[in-house]
Amino acid sequence: MDLLSLLLKEAKEGKVSRKQQLVRIIANRAATMRLVSLQQRAQRAQRARRAAEREEEEAPPPPPPPPPVHHSSHNFLNMKNKFFNELGHLPNHKLGMPMWAIGAIVVVVLALVGCFAFCVYKKCLGGKKKGKKVRERKGGGRRRMKQEGEGEAEGEEKKEGEGEQKEQEFYGKLEYTLDYNFNDNELIVGILQAENLPAMDLGGTSDPYVKVYMLPDKKKKFETKVQRKNLCPVFNETFKFKIPFNDLAGQTLVLQVFDFDRFGKHDVIGEIKIPMNSIDLGQPIHEWKDLDGGEKEEEEKLGDICISLRYVPTSGKLTICVMEAKNLKKMDVGGLSDPFVKLVLQHNGKRLKKKKTTVKEKTLNPYFNESFSFEIPFAQIQKIQVLITVYDYDKLGSNDAIGKCWIGYGASGVGLRHWSDMLANPRRPIAQWHVLQPEEDVDAALKAPIR
């Protein structure tokens, strides 16, 4: 008899109320449903387990592992890893030292083994090479004993060849022209260009210019413009020497190539000397010629002077600072001088103003550092000439001129460049060393017509 019939029977007999009867029915139904769901879950799990077992039985066997590839690098890595793994598993209480100490010991041992192998290699191969060299020396010695005379001759030839190579050092080459104007008695020298000049500056370049003069008088000298940072400069400049044709035979034309240096002496790159009696001036000459290793111009050294120039266009103020002089000519009996500097400003040959520094007694390297200011309108600054003369002061007689130079309009070389740099850099002081020349040469150049 099931539970429902039992409940109905009890209800008829009056033992259970209607409400209690319904509660029992609902609880019974819920328990029955939970039991059924649990049974269904168990059946599904069992079916899934059986299906998995069948798939494992039916699955193909796994492919065999690929054969190991033998590489020396892989073997080395495996050995290294195995070695360090074994070191890591060693107990520290047995070794009695930390891991970094073990690593250091291993490195030292490997270094010793490498040194030993290197020594063995050098000993074995080095001995063979040395023996071979000794045999060659011995053989060469025997051959020299047999051919002693021939060897000495060859040695002399080699020395001569080396001497010729030293003498044939290349300093570049210069293209120039020469012509003589018989109507005006003028020697016309054209400086066209240079090629393959050696580098004289640290940057691998040079600042070349050419100086042209005649020997032995050296009265008139010309200079080309400086070509900045150029080893193959183009000049295209012409110079004229007023010399009668009959006087040319005893003179020599000198073309010297210099490297310009703003703060020091200019270095000679090379030179060409042309004796006038060795050429035919009946027709123009146009040729390239290699430069020879030039020597510094052999002339009396009068000294150098450092001048600073500054011009302010708005106010028309020209400031000239006489800084110092060096290596002045000895003028006194005791081998010294008492120098001072005289500045003269000219405009179109007319003297405007003059100034003097103090006298520095008994020195050939005076330091002045004295500044002088002049009011020069901007319209006149292009035609200004600054004459700088260094004198030796004499208490009893007249002051003797040590040397002279000039800057500005009509100047050439350093004097013109210094003036141009000042005009190109207004309000900024521009310092430059100038070589002192004989007073007569400068006065003659000032009287000559400006090219």
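So, how was this worked out
Residues numbered from 1 in each chain as written. Predicted model: local features only at pLDDT ≥ 70, side-chain atom pairs only at ≥ 80, totals over all residues. Heavy atoms only, no water. Helix = DSSP H or I, 4+ residues; strand = E, 2+ residues; numbered from the N terminus. Buried < 20%, exposed > 50% of the residue type's maximum accessible area, 1.4 Å probe, protein only. Contact = heavy atoms within 4.5 Å. Areas by Shrake-Rupley, 256 points an atom, 1.4 Å probe, with all protein chains shown as cover. Disulfide = S-S within 2.5 Å. Phe/Tyr/Trp six-rings, centres within 6.5 Å; stacked < 30°, edge-to-face > 60°. Lys NZ or Arg CZ within 6 Å of the ring centre and 35° of its normal. Pairing = 2+ DSSP bridges. Axes fitted to C-alpha atoms, helices over the stretch in contact; angles between N-to-C directions. Salt bridge = Lys/Arg side-chain N within 4 Å of Asp/Glu carboxyl O. Core = buried A, V, L, I, M, F, W, Y, C linked by side-chain atoms within 4.5 Å.

Colleague: Please set out the overall build of the protein chain residue by residue, giving values where relevant.
Modeller: Scanning the protein chain from N- to C-terminus turns up 8 helices and 16 strands. By residue count, 30% of the 451 residues in the protein chain fall in the buried class. Sequence-distant contacts, at least 24 apart, represent 63% of the contacts inside the protein chain between residues at least 6 apart. Per element, the accessible surface of the protein chain, about 30500 Å² overall, is 54% carbon and sulfur.

Colleague: Can you lay out the state of the cysteines for me, pointing to particular residues and giving the numbers?
Modeller: Tallied over the full model, the rule gives 0 disulfides. The closest cysteine sulfur to the non-disulfide-bonded cysteine 119 is located on cysteine 115, 6.5 Å from its own sulfur. Lacking any disulfide linkage, cysteine 321 is separated from the closest cysteine sulfur, that of cysteine 306, by 8.3 Å.

Colleague: Outline the packing of aromatic side chains, supporting the account with residue identities and numerical values.
Modeller: Summed over all chains, the structure comprises 7 aromatic pairs. Between the aromatic rings of tyrosine 209 and phenylalanine 258, the centroid separation amounts to 5.7 Å while the plane-to-plane angle is 20 degrees, which identifies the pairing as stacked. You can see tyrosine 209 sitting in strand 3 (residues 208-215) and its partner phenylalanine 258 sitting in strand 6 (residues 252-259), a full 49 residues away along the chain. An identical accessibility class is assigned to tyrosine 209 and phenylalanine 258; each is buried. Three or more aromatic residues link up through ring pairs in this structure, and these residues are Tyr180, Phe182 and Phe245. We note lysine 383 situated over the ring of tyrosine 409; from NZ or CZ to the ring centre the distance is 5.3 Å. Taking NZ or CZ as reference, arginine 417 lies 5.1 Å from the ring centre of tyrosine 209, over its face.

Colleague: Report on the sheet that holds strand 8 (residues 285-290), specifying residues and quantitative values.
Modeller: Spatially, 5-2-1-8 is the arrangement adopted by the 4 strands of the open sheet, whose pairing is antiparallel. Unpaired on one side and paired on the other, strand 5 (234-242) and strand 8 mark the two borders of the sheet. The average angle at which neighbouring strand axes cross in this sheet is 20 degrees, direction not considered.

Colleague: Account for the pattern of salt bridges, naming residues and giving values.
Modeller: Scanning the entire structure with this criterion turns up 2 salt bridges. Here glutamate 271 makes a salt bridge to lysine 273, at a shortest N to O gap of 3.9 Å. Residue lysine 404 is joined to aspartate 443 by a salt bridge in which the shortest nitrogen-to-oxygen separation is 2.8 Å. With lysine 404 in strand 15 (residues 400-408) and aspartate 443 in helix 8 (residues 439-447), this pair connects stretches of sequence that are 39 residues apart. On the basis of relative accessible area, aspartate 443 is assigned to the partly exposed category, the value being 26%.

Colleague: Residues and numbers for the pairing of strand 11 (residues 339-347), please.
Modeller: Counting buried residues in strand 11 gives 9 out of 9 residues, a clear majority hidden from the surface. Where burial is concerned, the two faces of strand 11 agree: the one with Pro339, Val341, Leu343, Leu345 and His347 and the one with Phe340, Lys342, Val344 and Gln346 are both buried. Summarising the sheet, strand 11 and strand 14 (residues 384-392) pair through 9 bridges and their orientation is antiparallel. In the strand pairing of strand 14, leucine 343 is matched with isoleucine 388. Two elements, strand 11 and strand 12 (residues 350-356), share 6 bridges in a ladder whose sense is antiparallel. Bridging across to strand 12, valine 344 finds its partner in lysine 354. Counting the residues in the hairpin turn of strand 11 and strand 12 gives 2 residues, including asparagine 348, whose phi is positive at 55 degrees.

Colleague: Which residues make up the pairing of strand 2 (residues 186-195), and what are the values?
Modeller: For strand 2, a buried count of 7 out of 10 residues is recorded, marking the element as mostly surrounded by other parts of the structure. Note that strand 1 (residues 173-181) and strand 2 share 9 bridges and pair antiparallel. Across the sheet, the residue bridging to tyrosine 180 is leucine 187, located in strand 2. Between strand 1 and strand 2, which follow one another and run antiparallel, lie 4 residues, and asparagine 185 among them has a positive phi close to 55 degrees.

Colleague: Mind laying out the sheet that holds strand 14, listing which residues take part and the relevant values?
Modeller: An order of 12-11-14-15 is seen for the 4 strands of this open sheet, with the pairing classed as antiparallel. Since the sheet does not close on itself, it has two edges, and those belong to strand 12 and strand 15, each with one partner. Mean inter-strand twist for the sheet, computed between neighbouring axes without regard to direction, equals 20 degrees. With 8 bridges connecting them, strand 14 and strand 15 associate as antiparallel partners.

Colleague: Give a detailed account of the nonpolar core, specifying residues and quantitative values.
Modeller: Ile305, Ile320, Ile388 and Trp419 are the most contacted members of the largest nonpolar core, which totals 29 residues. Contributing elements (two or more residues each) for this core: strand 9 (304-312), strand 10 (317-326), strand 11, strand 13 (367-375), strand 14, strand 15 and helix 7 (414-424). Excluding residues that lie within four positions of it along the chain, isoleucine 305 makes contacts with Val322, Glu324, Ala325, Val341, Ile388, Val390, Cys405, Gln432, Trp433, His434 and Leu436. In this structure, Ala194, Phe222, Ile243 and Ile274 belong to the second largest nonpolar core, which totals 28 residues.

Just geometry here; none of it tells us what the structure is for.
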